[in-house]
Amino acid sequence: MKLLSLHTPANHAQRSNLAHSLRPQAARSWRVALYSHDTMGLGHTRRNVLIAQTLASCGLPLDILLIRGMGEGLGANLPAGIDCLTLPALHKQSDGSYSARNLSLELADIVQLRAHTLHAALTAFAPDVLIVDNVPRGAQNELDLTLAQLRRTGHTRCVLGLRDVIDSPHVVQREWQQAANEATINAYYDALWIYGDPQVYDSVYAYQFAPQIALRTSYIGYLDQRARLQYATQPIPLELPSGRMALCLLGGGQDGIQLAEAFVGATLPNDMYAVLLTGPFMPAEQCARLEALAAQHERLHILSTAAEPTQLLMHADKLVTMGGYNTVAELLSFEKHALVVPRVRPRQEQLIRAEQLAALGLIDMLHPDKLSPQALSHWLAQPTRTPDVHNRLDMQALNRLPHLLASLLGLNNTAKAQPALFERQHVRMPAVLKSVRAMGMMP
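Everything numeric here is computed off the predicted structure, so don't read it as measured data. (Residues numbered from 1 in each chain as written. Predicted model: local features only at pLDDT ≥ 70, side-chain atom pairs only at ≥ 80, totals over all residues. Heavy atoms only, no water.)

A.B. asks: Mind laying out the layout of surface pockets, listing which residues take part and the relevant values?
C.D. replies: Taken as a whole, the second largest pocket encloses approximately 470 Å³ of empty space. At the level of secondary structure, the elements contributing two or more residues to the lining of the second largest pocket comprise β4 (90-92) and α9 (257-265). Per-element tally for the lining of the second largest pocket: the top contributor is α9, with three residues. Residue composition of the lining of the second largest pocket, grouped by class: ten nonpolar, seven polar and five charged. (1 Å grid on protein atoms, 1.4 Å probe; cavity = no way out; pocket = protein on both sides within 12 Å on 5 of 7 lines; lining within 4 Å. Points joined across faces, edges and corners; volume = space filled by probe spheres on them. Helix = DSSP H or I, 4+ residues; strand = E, 2+ residues; numbered from the N terminus. Nonpolar A, V, L, I, M, F, W, Y, C, P; charged D, E, K, R; others polar.)

A.B. asks: Quick one: what's the story with the side chain of Gln311, residue by residue and with numbers?
C.D. replies: Mapped onto the elements, Gln311 comes out in helix α11 (residues 310-313). Discounting chain neighbours no more than four positions away, the residues touching Gln311 are Leu229, Ala232, Gln234, Pro235 and Ile236. (Contact = heavy atoms within 4.5 Å.)

A.B. asks: So, the sheet that holds strand β11 (residues 272-277): which residues are in play, and what are the values?
C.D. replies: Taken in spatial order, the six strands of this open sheet run β12-β11-β10-β13-β14-β15, and their pairing is parallel. Sheet topology places β12 (300-303) and β15 (364-365) at the edges, where each strand pairs with a single neighbour. Where strand β10 (residues 244-249) meets β11, six bridges bridge the pair, whose relative direction is parallel. Its bridge partner being in β11, Arg244 is matched across the sheet by Met272. (Pairing = 2+ DSSP bridges.)

A.B. asks: Before we move on, can you summarise the packing of helix α12 (residues 325-333) against helix α13 (residues 349-359) with the specific residues and values?
C.D. replies: At a minimum axis distance of 11 Å, the contact between α12 and α13 shows a crossing angle of 20°. Judged on the interaxial angle alone, α13 and α12 are roughly parallel. Crossing of α12 over α13 shows right-handed handedness. Here Tyr325, Val328 and Leu332 of α12 lie close against α13, whose contacting residues are Glu349, Arg353 and Leu357. Grouping the amino acids of the contact of α12 with α13 by side-chain chemistry returns four nonpolar, no polar and two charged. (Axes fitted to C-alpha atoms, helices over the stretch in contact; angles between N-to-C directions. Parallel < 35°, antiparallel > 145°, perpendicular 65-115°, else oblique. Left-handed = near helix turned anticlockwise from the far one by under 90°.)

A.B. asks: Lay out the packing of helix α2 (residues 43-56) against α12 with the relevant residues and their values.
C.D. replies: It is at 8 Å that the axes of α2 and α12 come closest, and there the two elements cross at 50°. Overall, the two elements α2 and α12 adopt an arrangement that is oblique. Counting all contacts with α2, which are made through Gly43, Arg46 and Arg47, the residues of α12 involved are Tyr325, Asn326 and Glu330. In terms of residue class, the contact of α2 with α12 is built from one nonpolar, two polar and three charged.

A.B. asks: Provide a residue-level description of the sheet that holds strand β6 (residues 129-133), including the pertinent values.
C.D. replies: Read from one edge to the other, the open sheet built from seven strands follows the order β3-β2-β1-β6-β7-β8-β9, with strand pairing classed as parallel. Looking along the sheet, the strands with just one partner apiece sit at the ends: β3 (82-86) and β9 (217-219). Within the sheet, the average angular offset between the axes of one strand and its neighbour, ignoring direction, is 20°. Both strand β2 (residues 62-68) and β3 contribute to a ladder of five bridges, which runs parallel. Within β3, the position partnered with Ile67 by the bridge is Leu85.

A.B. asks: Tell me about the pairing of strand β13 (residues 318-321), and please be specific about residues and values.
C.D. replies: Residues Lys318 and Val320 of β13 are buried on one face, and the alternating residues Leu319 and Thr321, pointing to the opposite face, are buried as well. Between the parallel elements β13 and strand β14 (residues 337-340), the chain passes through α12 in a crossover that is right-handed. (Buried < 20%, exposed > 50% of the residue type's maximum accessible area, 1.4 Å probe, protein only. Right-handed = clockwise from strand over helix to strand, strands pointing away.)

A.B. asks: Please give an account of the pattern of salt bridges that cites residues and values.
C.D. replies: Counting across every chain of the model gives 19 salt bridges. Across the pair Arg47 and Asp133 runs a salt bridge whose closest N-O atoms are separated by 3.0 Å. Note that Arg47 is positioned in helix α2 and Asp133 in strand β6, a separation of 86 residues in sequence. Of the residues examined, Arg47 reaches a relative accessible area of 2% and is grouped as buried. The salt bridge involving Arg343 is made with Asp255; its shortest N-O contact spans 2.4 Å. Residue Arg343 is found in the loop between β14 and α13, and its partner Asp255 is found in the loop between β10 and α9; the two are separated by 88 residues along the sequence. The partly exposed category is assigned to Arg343, whose relative accessible area is 21%. (Salt bridge = Lys/Arg side-chain N within 4 Å of Asp/Glu carboxyl O.)

A.B. asks: An account of the packing of aromatic side chains is needed here, citing residue identities and associated values.
C.D. replies: What describes a pair of aromatic rings is the distance from one ring centre to the other and the angle between the planes of the rings. Throughout the structure, instances matching the rule amount to four aromatic pairs. Look at Tyr222 and Tyr325: their rings are 5.9 Å apart centre to centre, the planes differ by 20°, and that puts the pair in the stacked class. Highlighted residues: Tyr222 in the loop between β9 and β10 and Tyr325 in helix α12, separated in sequence by 103 residues. Of the residues examined, Tyr222 reaches a relative accessible area of 2% and is grouped as buried. Taken together, the ring pairs in this structure connect Trp176, Tyr201, Tyr207 and Phe209 into an aromatic cluster. Residue placement shows Arg47 over the ring face of Tyr325; its charged tip is 5.0 Å from the ring centre. (Phe/Tyr/Trp six-rings, centres within 6.5 Å; stacked < 30°, edge-to-face > 60°. Lys NZ or Arg CZ within 6 Å of the ring centre and 35° of its normal.)

A.B. asks: Any chance you could break down the environment of Val171 for me, citing the residues and the numbers?
C.D. replies: Summarising the element assignment, Val171 is placed in helix α5 (residues 169-179). By relative accessible area, which is 12% here, Val171 ends up buried. Sequence separation of Val171 and Gln348 is 177 residues, and the distance between their C-alpha atoms is 9.2 Å.

A.B. asks: Explain the environment of Arg31 to me, using residue names and the numbers behind them.
C.D. replies: As for its placement among the helices and strands, Arg31 is situated in strand β1 (residues 30-35). In this structure the C-alpha to C-alpha distance between Arg31 and Gly81, which are 50 residues apart in sequence, comes to 9.8 Å. Reaching out from Arg31, the side chain makes a polar contact with the backbone oxygen of Phe125 at a distance of 2.7 Å. (Polar contact = N/O pair within 3.5 Å; in protein donor to acceptor, adjacent residues only side chain to side chain.)

Read these as layout, nothing more, since geometry by itself doesn't imply function.
This is the structure in C-alpha cells:
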C-alpha cells in the first residue's frame, strides 16, 4: 500500500481541515506537556522536540511545555506555543548507573531536585495531556509524585511513548517487574504509543505485555524525520565539496570512538569525500585524537556538532552510523544506503533493531566485534543502493499524532471530519490483537 508522504498537498489539506473542525469546540488552548529523562545521548530530546513541533504546527489550539533532562539537543526552531523547562542533568554511565552530570550533588539529592521541579511545574501547568518518553516512572522514579497528583486531580490524560525496541525481552521483563512498570501504567496511563512498525519488532508480543496494557497500545508508525528540515534555521556548518559523500554519525558521541577511528582509517573511493559528526558528548581527548588522524586525510572533514544533522544526512550517498532509534529513523526516512554498527552494551536495543532491519533488507549491519577500517573500506566501495522504505514500512506517526491527541481530548468529531487519515491511525491495532491472541490472552 502506498502511504501518503508527509509533504504531499493532500496531507496539508488534511491538517487544515482538522484544525477547522476543532476550532469551534476549543474555548481555550489545550495544554500538552512532553517529558523526556535524557540521561544518555540526544535521542529522547530530539524525539520529543519533533513531536512537539508537529503538534504545534498542526492547527490545534495548543500550549506545549517541553520538559527535558539536558540543555543540548534542541538544535532547531520551536514554533509559537512551545516553551521549554530543562531539568538539572543526570548522566547514565556505561554500566547503567546514574550520577549528576554537572552539579556536585549526590544521586539522591539531584533526583529529589528533579522530582520536586517536575511536580511543581506540572501541577502549575495542569496539562490536559502528558506524554512521557520511554520510562513510565521517569528516571530513578522521579515522576512518581507527579503521576499520583495528576491522577488525583483527574484532569490529565497520560500517554507513554515507547521506541520500537527497548532491550532484549528477558531484560525488559525483569526490569519492568522490578520497577513495577505495569502497575504504574495500569494506575496512571491512558494509552501507549509505540513509535514503530510491528513487522520490524512486535513489542507487545516480545515483552509479553499484560492484556490490559496490550489493549491500550497502538503501533503508530515511525517518525518521518524529513519533517525536521522545515524547522531547521541554521545552515550546514560545512561547505560541501563536490563528489559523493560518506557520512558517519555517532549520536551524542559519548561511546562512538571505536566507530569514529575505524571510519577515519577507512580508504575512500576516489570520487568520495567523508564527513564525521562526532556529537557533543565525545570526550575532548578523543576528539583531539581524531583531529590528529584526520589531518592526514584531505578528503575527510570532522564536525563536533550540527544544529540539525538531517541537513547533512539528506546529502549523503552512504551512511555509516550507530543504531539508535532517531538515527535509524532518519536513515529510513531519507531512504539512505546505510551500514549500522550497533551498540551492544549495556543494552541490546541497537543490535536487535539493526538485525531486524537487516533481515528486511533495509540496511546493512556490521557487528562491532568485526569493526575495522578494512571492513568499512570494503563496504564504502560497494555500489550504492536506495532501500524502498516508504512502500514497505509504516512511517506515518507524525500524520497520526494530531488525531491521536484529538481523540484523547474527546474531540471525537475529528474522525468524521477526516475519515481517511483517522482510519490510518488504527491501521496497526490488528497487529496488537494478533500479538495478544498469540500470547493466549484472548480467544
